[in-house]
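Listed below, chain by chain, are the residues.
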Amino acid sequence: MSDIANNQDDFTRSAGRQLAIFALSSIAGIALLMLGLSWASDLTSTGSGAGEAVDAATGTVTLVLNEEPPQLNSTKATDQVSMRVLGHVMEGLLRYDEDNRLVPGVAESWEIGPEEAVFHLREDARWSDGQPVTAHDFVFSWRTAVDPATASEYGFIMYAVKNAEAINRGELPVDALGVTAVDDRTLRVELERPIAYFDKLVAFVTYYPVREAFFEETGGRYGADADTLLYNGPFEITSWVHGASLRMEKNPHYWDQDRVHIQVLDHAYITQDPNAQLNLFKDGKIAYTTLTEENLNEALVQGWHLHRFMDGSVFFIEFNHREGRVTRNWHLRKAIQLALDPAELVYRVIKLPGYVPGESLFPIWLQGVESTLRQEYPAPTAQMDPEQARRHLAQAKQELGLAEIPPLVMLTGDNPISNKQSEYYQEQLKQVLGLDIRIDKQIFKQRLAKMTAGDFDLVLAGWGPDFDDPLTFGDLFASWNLNNRGRYDNPELDRWVRVAQSSTDPRARMDAFGEIQRIQFEDVVVLPNYERGIVYVEDPRIEGMVRRAVGPDPDFTNVRIVEGS
Amino acid sequence: MSDSRSMSYQPKPGVFQPLMTEQRAQMLTRSSLSYWEDAWRRLKSNRRALISLYIVIGLLAFTVLGPLVWTIDPAAQDLDQISTPPGADRSATLVEPYRPWDGSSALPMAPGLRLAEPATTQAVRLLWDPLEGASAYRVYRNIFPMDPGDALGLPLAETFTAAETRFEDRLDLQPRTYYYTVVALDDHGHQLPARDTLEVSVERVVTVREAVSRGLVKAEDNPQPGDAVELALHPLGTDYLGRDMLARLMYGARVSLFIGICAPLLFVLFGTVYGSTAGFMGGRVDQGLMRFADFVIALPFLLFMILFKIAFGIGPGESGILPMVVAMVLLLWPATARLVRGQILQVREEGYVNAARLLGARTNYLVLRHMIPNTLGVILVTLTFAVPNAIFIEAFLSFIGMGVAPPTPSWGSMCNEGIKTMLTYPHELIFPAVMISITVLAFNLLGDGLRDALDAKMRSTE
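Remember, predicted model here, so these are calculated numbers, not experimental data.

Asker: Help me understand the nonpolar core in this model?
Answerer: A general trend in soluble globular proteins is that nonpolar side chains are found buried together. F119, W142, L187 and F198 of chain A are the most contacted members of the largest nonpolar core, which has 114 residues in total. Element by element, the count of residues in this core is highest for helix α3 (residues 135-146) of chain A, at 7 residues. Residues L332 and L433 of chain A together with A157 and Y180 of chain B belong to the second largest nonpolar core, which totals 77 residues.

Asker: Help me understand the pattern of salt bridges, please; the structure alone is not making it clear to me.
Answerer: Side chains bearing opposite charge may pair, as long as their charged atoms lie close to each other. Summed over all chains, the structure comprises 52 salt bridges over all chains. Among the ionic pairs, R95 of chain A bridges to E91 of chain A, the shortest N-O distance being 3.5 Å. Each of the two residues, R95 of chain A as well as E91 of chain A, counts as buried. In this structure, the salt-bridge partner of D99 of chain A is R101 of chain A, at a minimum N-O distance of 3.5 Å. Given the relative accessible area of 43%, D99 of chain A is considered partly exposed. Through salt bridges with shared partners, one network takes in E423 of chain A together with D239, R243, R248 and E417 of chain B.

Asker: Sorry if this is basic, but what is going on with the sheet that holds strand β10 (residues 245-250) of chain A here?
Answerer: Each strand in a sheet pairs with another by means of backbone hydrogen bonds, the pair being arranged parallel or else antiparallel. All names here are of chain A. Taken together, the 5 strands give an open sheet; going across it, the order is β1-β2-β11-β10-β9, and neighbouring strands pair in mixed fashion. The strands lining the two open edges of the sheet, one partner per strand, are β1 (54-55) and β9 (235-241). Pairing of strand β2 (residues 60-65) with strand β11 (residues 264-270) involves 6 bridges; the strand directions are parallel. When the bridges of β11 are listed, L63 appears paired with H267.

Asker: What should I look at first to understand the sheet that holds strand β7 (residues 179-183) of chain A in this one?
Answerer: Residues and elements named next belong to chain A. Reading across the sheet, the 4 strands line up as β5-β6-β8-β7 and stay open at both edges, with antiparallel pairing between neighbours. Each having just a single partner strand, β5 (107-112) and β7 make up the two edges of the open sheet. On average, adjacent strands in this sheet sit at an angle of 20° to one another, irrespective of strand direction. Direction of pairing for β5 relative to strand β6 (residues 116-121): antiparallel, over a ladder of 5 bridges. Looking at the pairing, A107 lines up with L121 of β6. Against the sheet, α3 touches β6, β7 and β8 (186-190), its axis set at about 170° to β7.

Asker: What should I look at first to understand the interface of chain A and chain B in this one?
Answerer: You'll often see interface size given as the accessible area lost when the parts meet. Contacts between the two partners involve 36 residues from chain A, matched on the other side by 39 residues from chain B. For the pair chain A and chain B, the summed buried area comes to about 3600 Å², and 58% of that belongs to carbon and sulfur atoms. Taken together, the connections running from chain A to chain B amount to 3 salt bridges. A salt bridge links D80 of chain B to R348 of chain A; the shortest N-O distance between them is 3.4 Å. Summed over the shared surface of chain A and chain B, the result is 8 residue pairs in polar contact (both at pLDDT 80 or more). It is helix α13 (residues 416-433) of chain A that contributes the most residues to the side of chain A that touches chain B, 7 residues altogether.

Asker: Is there a simple way to think about helix α14 (residues 444-453) of chain A in this case?
Answerer: Owing to its 3.6 residues per turn, the α-helix aligns residues three or four sequence positions apart on the same side. Residues and elements named next belong to chain A. Three or more residues of α14 are buried, namely R447, L448, K450 and M451. Within α14, the buried residues cover an arc of 165° as seen down the axis, which keeps them to one side. Away from the buried face of α14 by more than 90 degrees, exposed residues K445 and A453 are located. On its buried side, α14 packs onto β13 (306-319), β15 (408-413), β16 (437-442) and β17 (458-463).

Asker: Teacher, can you tell me more about helix α7 (residues 283-298) of chain B here?
Answerer: Residue and element names in this part refer to chain B. Taking 1.5 Å per residue, 16 residues should reach 22 Å; α7 reaches 23 Å between its end C-alpha atoms and fits that length. Those residues of α7 that sit buried are D286, M290, A293 and V296. Seen along its axis, α7 keeps its buried residues to an arc of 110°; they face one direction. α7 presents R284 and A298 as exposed residues on the side facing more than 90 degrees away from its buried surface. Elements in contact with the buried residues of α7: α6 (245-281) and α9 (321-348).

Asker: Just to check I follow, could you spell out unusual backbone geometry for this structure?
Answerer: Keep in mind that most residues, glycine aside, have a negative phi and that most peptide bonds are trans. Residues and elements named next belong to chain A. For the bond running from D553 to P554, omega is -10°, close enough to zero to count as cis. Here the phi dihedral of A151 falls at roughly 55°; this positive angle occurs in a residue that is not glycine. For R487, which is not glycine, the phi torsion reads 55° and is therefore positive. Mapped onto the elements of the fold, R487 is located in the loop between α15 (471-474) and α16 (491-502). Classification of R487 as partly exposed rests on a relative accessible area of 35%.

Asker: Could you clarify how one ought to interpret the pairing of strand β4 (residues 136-142) of chain B in this entry?
Answerer: Walk down a regular strand and you will see the side chains alternate between the two sheet faces. All names here are of chain B. Taking burial as the measure, the 7 residues of β4 include 7 buried ones, the bulk of the element. Burial along β4 is two-sided: the face carrying A136, R138, Y140 and N142 and the face carrying Y137, V139 and R141 are both buried. The sheet contact formed by β4 and strand β7 (residues 177-185) spans 7 bridges and is antiparallel. Bridge pairing in β7 links R138 to V183. Bridging between β4 and strand β5 (residues 154-158) involves 4 bridges; their strand directions are antiparallel. Paired with V139 across the bridge in β5 is A157.

Conventions we followed
Residues numbered from 1 in each chain as written. Chains lettered and ligands numbered in written order. Predicted model: local features only at pLDDT ≥ 70, side-chain atom pairs only at ≥ 80, totals over all residues. Heavy atoms only, no water. Core = buried A, V, L, I, M, F, W, Y, C linked by side-chain atoms within 4.5 Å. Buried < 20%, exposed > 50% of the residue type's maximum accessible area, 1.4 Å probe, protein only. Helix = DSSP H or I, 4+ residues; strand = E, 2+ residues; numbered from the N terminus. Salt bridge = Lys/Arg side-chain N within 4 Å of Asp/Glu carboxyl O. Pairing = 2+ DSSP bridges. Axes fitted to C-alpha atoms, helices over the stretch in contact; angles between N-to-C directions. Contact = heavy atoms within 4.5 Å. Buried area = accessible area lost by both parts, 1.4 Å probe. Polar contact = N/O pair within 3.5 Å; in protein donor to acceptor, adjacent residues only side chain to side chain. Arc of directions from axis to C-beta. Expected span 1.5 Å × (residues − 1).

From the geometry alone we can't say anything about function, so treat these as descriptive.
See below:
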C-alpha cells in the first residue's frame, strides 16, 4: 500500500512540475506574441498615418464618429451623424457661422416676402469637380426631397414651399413645386403661406443642393460611397471605409478658402463604446470625445479641461392617446405626472452635468420676443405628490371600469441612459402607484417603427430642433403631424399651432406657444424628463470647434491648430 | 499411593477448557460494498470534489434560504446610496424636504464665493460677489484642489446674465469635500481670469418623510430634523440605481441556478432516451436518429439560440427564462445522445447481457438491470458538466442583453451593468463575476470527482 502511495506521490509531483513548466512557457509565449503584435501594429499605424490626434505638420485632426452614417444623400438624411458629416462637406443657401448666426452660404443675398422669396447665388460657389453651383441644383434637390418616390422622412420640412405638401402626398406632380430657377444664379421660391423663419429653414440639410446630372449618373447610389457624392462645402470625403473610417480633406474648389485652416479631418475610428473613446483620447489618438457619467471621475483624475454643452433637445414620456388605450385617460396620465420627479431623475440617476430637469416641451434656450421664451412664459410645473397621484389613479380606475390597470408597455431605446431611466421609472411607478411597467427595449429603427404603429402605452422619446424657432417643438403634437406618435388630437392645440405657423407678429406667435405649453401641461400630453446636455473634452492643441443646438454639431470646419503647444 | 498420587490432581472445573477445533479459515473484516457505496467512499476521499460539493450545497442554500433571511426587495432603489461600495459610512442627518431656493442666505455674509446654507447632499447653495468684467459666470466643481494644470473639474452650469450671482448644485452630491470655482465669462462665453474658489464639505442628509417610508426611523418616535440616522445596510454595496447587491445576487442565483439545473436535467433526459433508443434498436433506426443528431450539432448554437428566443415571441418586458430553457433543450441534447448511444452499444455486446438474454430475460429486465445502471455513470457526469455550461450560456446571453428582462436580475446581466462602471465602482462587476466563477468551477470540479468515483474500471486500484 505505502509503495503505491509513494508512487502516486511521485506521479503527482512530476505532473505538477510538468504543469508548472507548461504554464510558465505558455505565459512567456503569450507575452512574446503580444510584444510582437504591438510591434507589428506600430509598423502599420505609422504607415497609414493615423497616429496622432493633432498633427500640425500635415494639418490633420483625427476624430471618432459614433456610428457610420447610413447614407449621405442630403434629401434623405435624418440622423445626427449624417447631418454632422454633411455639414462639413456641403453648404446650403445659408449657413450658421461660428457664433451661430445665420450668414450667407451659396446665396450672397436674399429677399423674403410674405408670398415669395428670392435668393441670389454667388458666382464663385463651386462643386468639388470645379463646376458652378446653380439654382437648378436647388430646384432638383428640393423636388427630390418632396417626391413621394424618395420617401424622405424630412419631406414635411419643405411644406413651407408652395404645393410641397400636396406633392408629398402624391396629389400633384413633382414639377408643381413652387421653386424655379429664373437663371443660373437666381432662385425664386413661392411660399405656401407667410412664414417668419424661412431663412432659418433653408440652412437645413434637406435644403442642400444636388446636381441632377451627377445624381442620375450614380444610378441610385447617390451618397452611398465617397465617389458617388459631389461636394460643395469646405471639405470633401476622400475615403470612406464603411464601418471603419471616413476621411475628409479640404475642398480646393470651395469659395471661402479663408475660413478653413486645416487640411485633413480624419475620422479614423467609428465606435460607440464610451470606454473605447475614452482610451483613444487618453492615448492621444483622437482630438475630441464626449464623456459618460461613468467616465467623469477618470476625467477629473486626469485633470482634463471639461466642457459642457446643451444640445438643445428635449426628452419626454409620450403617452399613447389612441382609442382603446388606458393612457388615453386623463386621470391616469395625471397620476403618472404626480408620481415622478424629473429633478430626481437628472440629479440622482443620470448624474451628468448639462442635463436640466424637464419642465416644458419648450427647452430653455429658445428665444422669445425680448428674452427667452421660458422667461417670458414660465412653464407650469407639478410637485411630486404621491397621495394626490393615488387619488387620480383611483379615479382613472373608476372611469375605465377596471379593478387594476393592466401592465403598461414602456417603449425605450437601447442606450445606457434610457436603460437607467426606464428601470428607475419602472420601480418608481411600482412604488408610488403600484403600476406594472413592462420595458420594451428596442434599437432606434425598431423603436421608431413601433412608435409609428402605436405599439406602446408609454414611450421614452426625444426631439431635437430642426430650425431655430419654437415652432420646431410647438407643432409636434398637432393632430396632422406625423411625428405625433401618440396621435394626440386636440382642436384647441391645433388652433394655436395654426396661429404660430401663419402669424408674422412675434408677440402673437409667442402667446400661441405659451398656450401650447399650458395645454401640454394641463392635459398631460407628454411628461418632460430632461433637456439633454453633453460633457466633452477636446485636445488643447485645437481651438475653434463650434457646438450648436441647431445645425451640424459638432462643427470642426473652422478649427485651427494652436502653434507652440 | 503413587497411583492415588498420580490421580491426586483434579483441576477445578472452569479453569481449563478443551481447545475448540478451528472452524473458519478466514474472516471478512468489512461488509461488502455496493457500487454506489464504493463511489461515495471514493468521492469522499477526493478533497477537491468534496469541497465543491459543499460549495454547491451552500449555493443552493444561498438561493433558496438566502431570501428568507435577507428580506430586502432586490428591485427597491435606495437613491441615497447609489453605487456605494461595501462597508461605506452610513450616517446621515434628518432634514426638511427640499424647497426651491429664493436666493436668501442663512449663513453670515463673507466676501467672495460663499455658502448660503450649510452644504448637504440635498443641495449646495452658493452665492458670490460680482467678479470684475463678467457678463456671465460659469460654475465648476472638482474633487481635487486646484492643480497647476488649471483643471477646474466638472462644469456645472452657466448663468445667463451677470446679475445672477448664485447657483444651486444638486447634482449627485456625495458626503465628501468639493472644490467649487466660479469663473467670469465675457460676452462671447470665453473665460476671463477673474475667479473665486471655495472648499465645501458636504454632509449626508435624508428627508424625514423618506426616512420614515424606508423604515430608517419609526414614525412613533416623532423624528425631528437634525436627528442622526443610519441609512439602510447593504453588506455588499449597491448598484447604479441603489439596489442591494446581496439581494440581487440571491435573486440572480435563482435565475442562474434554475436555468443551470432545469435545462441540463431536461436535455440530458431527452438525450438519454434518444440515445438509448438509437443504441438499443440499432440498424437503420440508429442511423437515421444519429444523422439527425449530427444535423442539430451542426447548427450554429448562439445564433439559433437567439433566433429561437425571438421566434417564441416574448412580449416586451416578459422574462425570457422559459424560452431560454426550451432553446437550450432543443439545441444541446445531441452530445448526451451520442455518449449514451455509444455506451449502450458497448453494453449490449457484453457477455453478461447475452447470458441474461439466453436465460430468457425480457427487454424490460435487460434495460433496467443492465443497460441503465451501466450508463448511469456517464449520464451523471454529462449532467454535472452540463450544469456549469448552461449557467455560463445564461450569463453570456444576459450579458449581451438577450436574457432576462429588468428588473429581474441575473448574474450575467449584473456583470453587463457592472462592466460600464468597472473603473469607478468595481464591486458592481466583481461580485457577480466571482459568483459565476465559483459556481462554474464548483460544478466542474464536482463533475470531475464524480467521473472518477463512478468509473467502474477504477474500482480495483485500491
